[in-house]
Amino acid sequence: MSRQTSLELYRNIGIMAHIDAGKTTTTERILYYTGKNYKIGEVHEGAATMDWMEQEQERGITITSAATTCFWIRNGVTHRINIIDTPGHVDFTVEVERSLRVLDGAVTLLDSVAGVEPQTETVWRQADRYGVPRIIFANKMDRVGADFDRCLTMIRNRLTKRAFPLQLPVGSGETFTGHIDVLRRVEYIFDEATLGKTFTEMPVADAFKERVEQARHEVIEAAVESDDALMEKYLETESLSEEEFRTGLSAGIRSAEIFPVLCASPVHNMGADLILDAIVKLLPIRTTVLMVPSVRFSW
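Residues numbered from 1 in each chain as written. Predicted model: local features only at pLDDT ≥ 70, side-chain atom pairs only at ≥ 80, totals over all residues. Heavy atoms only, no water.

1. A look at the sheet that holds strand 7 (residues 167-170)
Here comes step 1: If you walk across this open sheet you meet the four strands as 7-8-9-10, and the pairing is antiparallel. Looking at the sheet topology across the chains shown, the edges are occupied by strand 7 and strand 10 (199-203). Neighbour to neighbour, the strand axes of the sheet diverge by 25° on average, direction disregarded.
Here comes step 2: Bridge count for strand 9 (residues 186-190) against strand 10 is five bridges, and the pairing is antiparallel. Of the residues in strand 10, the one forming a bridge with Val186 is Pro203.
Here comes step 3: Strands strand 7, strand 8 (178-181) and strand 9 of the sheet are contacted by helix 6 (residues 206-224), whose axis makes an angle of about 160° with strand 7. (Pairing = 2+ DSSP bridges. Helix = DSSP H or I, 4+ residues; strand = E, 2+ residues; numbered from the N terminus. Axes fitted to C-alpha atoms, helices over the stretch in contact; angles between N-to-C directions. Contact = heavy atoms within 4.5 Å.)

2. A word on the nonpolar core
Here comes step 1: Grouped together as the largest cluster of nonpolar side chains are 39 residues, with contacts concentrated most on Ile81, Val107, Ile135, Phe137, Val219, Leu249 and Ile279.
Here comes step 2: Looking at this core, the element that brings in the most residues is helix 9 (residues 272-282), giving seven residues.
Here comes step 3: Among the nonpolar cores identified, the runner-up in size contains 29 residues, and Ile136, Ala146, Ile189 and Phe190 belong to it. (Core = buried A, V, L, I, M, F, W, Y, C linked by side-chain atoms within 4.5 Å. Buried < 20%, exposed > 50% of the residue type's maximum accessible area, 1.4 Å probe, protein only.)

3. A closer look at the packing of helix 6 against helix 7 (residues 228-237)
Here comes step 1: Two elements in contact, helix 6 and helix 7, have axes separated by 8 Å at closest approach and are oriented at 130°. Taken together, the axes of helix 6 and helix 7 are oblique relative to one another. Where helix 6 abuts helix 7, its residues His217, Ile220, Glu221 and Val224 lie against Leu230, Met231 and Tyr234.
Here comes step 2: Considering only residue class, the contact of helix 6 with helix 7 consists of five nonpolar, one polar and one charged. (Parallel < 35°, antiparallel > 145°, perpendicular 65-115°, else oblique. Nonpolar A, V, L, I, M, F, W, Y, C, P; charged D, E, K, R; others polar.)

4. Examining unusual backbone geometry
Here comes step 1: Although it is not a glycine, Asn75 adopts a positive phi angle of roughly 55°.
Here comes step 2: Take Asn75: its relative accessible area is 69%, and that puts it in the exposed class.
Here comes step 3: Positioned with a positive phi, Ala256 is a non-glycine residue whose angle comes to about 55°.

5. With respect to the environment of Val186
Here comes step 1: Position of Val186 relative to the elements: it lies in strand 9.
Here comes step 2: Given a relative accessible area of 9%, Val186 falls into the buried group.
Here comes step 3: Sequence-wise, Val186 and Ala205 are 19 residues apart; in three dimensions their C-alpha atoms are separated by 9.2 Å.
Here comes step 4: Sequence-distant contacts of Val186, defined by excluding residues within four places in its chain, comprise His179, Ile180, Asp181, Glu201, Met202 and Val204.

6. A short note on the side chain of Glu187
Here comes step 1: Along the chain, Glu187 turns up in strand 9.
Here comes step 2: Buried and unpaired, Glu187 has Lys209 as its nearest opposite-charge partner, separated by 9.3 Å.
Here comes step 3: Among the polar contacts listed, one links the side chain of Glu187 to the backbone nitrogen of Ala205, at a separation of 3.1 Å.
Here comes step 4: Non-local contacts of Glu187, meaning those with residues more than four positions away in its chain, are made with Val170, His179, Ile180, Thr200, Glu201, Met202, Pro203, Val204, Ala205 and Phe208. (Lys, Arg positive; Asp, Glu negative; His and termini not counted. Salt bridge = Lys/Arg side-chain N within 4 Å of Asp/Glu carboxyl O. Polar contact = N/O pair within 3.5 Å; in protein donor to acceptor, adjacent residues only side chain to side chain.)

7. Brief notes about the pairing of strand 9
Here comes step 1: Most of strand 9 sits out of view: five of its five residues are buried.
Here comes step 2: With burial as the criterion, each face of strand 9 is covered, one bearing Val186, Tyr188 and Phe190 and the other bearing Glu187 and Ile189.
Here comes step 3: Here strand 8 runs beside strand 9; their pairing, made up of four bridges, is antiparallel. Within strand 9, the position partnered with His179 by the bridge is Tyr188.
Here comes step 4: What sits between strand 8 and strand 9 in their antiparallel hairpin is a turn of four residues, with Arg185 showing a positive phi close to 55°.

8. Details of helix 4 (residues 118-130)
Here comes step 1: The terminal C-alpha atoms of helix 4, which comprises 13 residues, lie 19 Å apart, in line with the 18 Å expected from a rise of 1.5 Å per residue.
Here comes step 2: Gln119, Thr120, Val123, Trp124, Gln126 and Ala127 are the residues of helix 4 that are buried. One face of helix 4 carries all of its buried residues, which in axial projection span an arc of 160°. What points out from helix 4, more than 90 degrees from its buried face, is the exposed set Pro118 and Arg129.
Here comes step 3: Where helix 4 terminates, the next one or two residues include Gly131, which has phi positive at roughly 65°. (Expected span 1.5 Å × (residues − 1). Arc of directions from axis to C-beta.)

9. Observations concerning helix 9
Here comes step 1: Judged by how many residues are buried, helix 9 sits mostly within the fold: nine of eleven residues are covered.
Here comes step 2: Listing the buried residues of helix 9 in full gives Ala272, Asp273, Leu274, Ile275, Leu276, Ala278, Ile279, Val280 and Leu282.

10. Concerning the environment of Glu28
Here comes step 1: Turning to its location among the elements, Glu28 is positioned in helix 1 (residues 23-33).
Here comes step 2: On the basis of relative accessible area, Glu28 is assigned to the buried category, the value being 0%.
Here comes step 3: Along the sequence, Glu28 and Ala272 sit 244 residues apart, while their C-alpha atoms lie 9.4 Å from each other.

Structure (structure tokens):
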């Protein structure tokens, strides 16, 4: 029997964070956006697909790791994404440990108000132990008190100095309306009429330009450090093609030396598709096939 999806289009991804950072809610939005579910399952209603145990539905927390498969089409290419939603409560840390052994990459979620929390540090150290490449999402950017810059400072102080924002938020809390693509120097504003599913693209506002250029310079320097040839060319010419830069960035992410930071608020449908794009674009490809049963993950 031939494989329906080419091996290079597989991604085995874990979502990990402190409790209540939004792991299961984010997974539910991903399943909705990919067409896996026709309706969004809400954690507070006990209807989340990934919280299959009665105890999880009653308490609104994840107790055991659960896995499912969805498909995401990007630039006309269909990718198969195997997602493992892990517990955030410290009592179930062993479930995260088991998941990390089979992952190609992980998405680390932060509550943008609370920043890096104790269990965030615990799961981060576990991922370090297994050398798992990661992308970081500052989640819940539309909450009152959300602060992306504070989150970034906490990430660099408590998790890794090698965290670099590829997106910057436009506003925060009730004024969170979109994000800026640091590499492309483009501002994207969520369209309210489509509940955040589409964007309006525009030039970066003057108020953000200096911050964007600083962030862009930092990530470019980090990317060229992962490849001696790129470093030599960059020192000589101070310029790289987009393809060359992305090659260096990918190498740094795969080797767990660069950790991209992005921002979103999937609970209000602002950014779930960004997470999917980041998974297929930035995280490593599957080297062997992982057979994932629907929802419950058997060890």
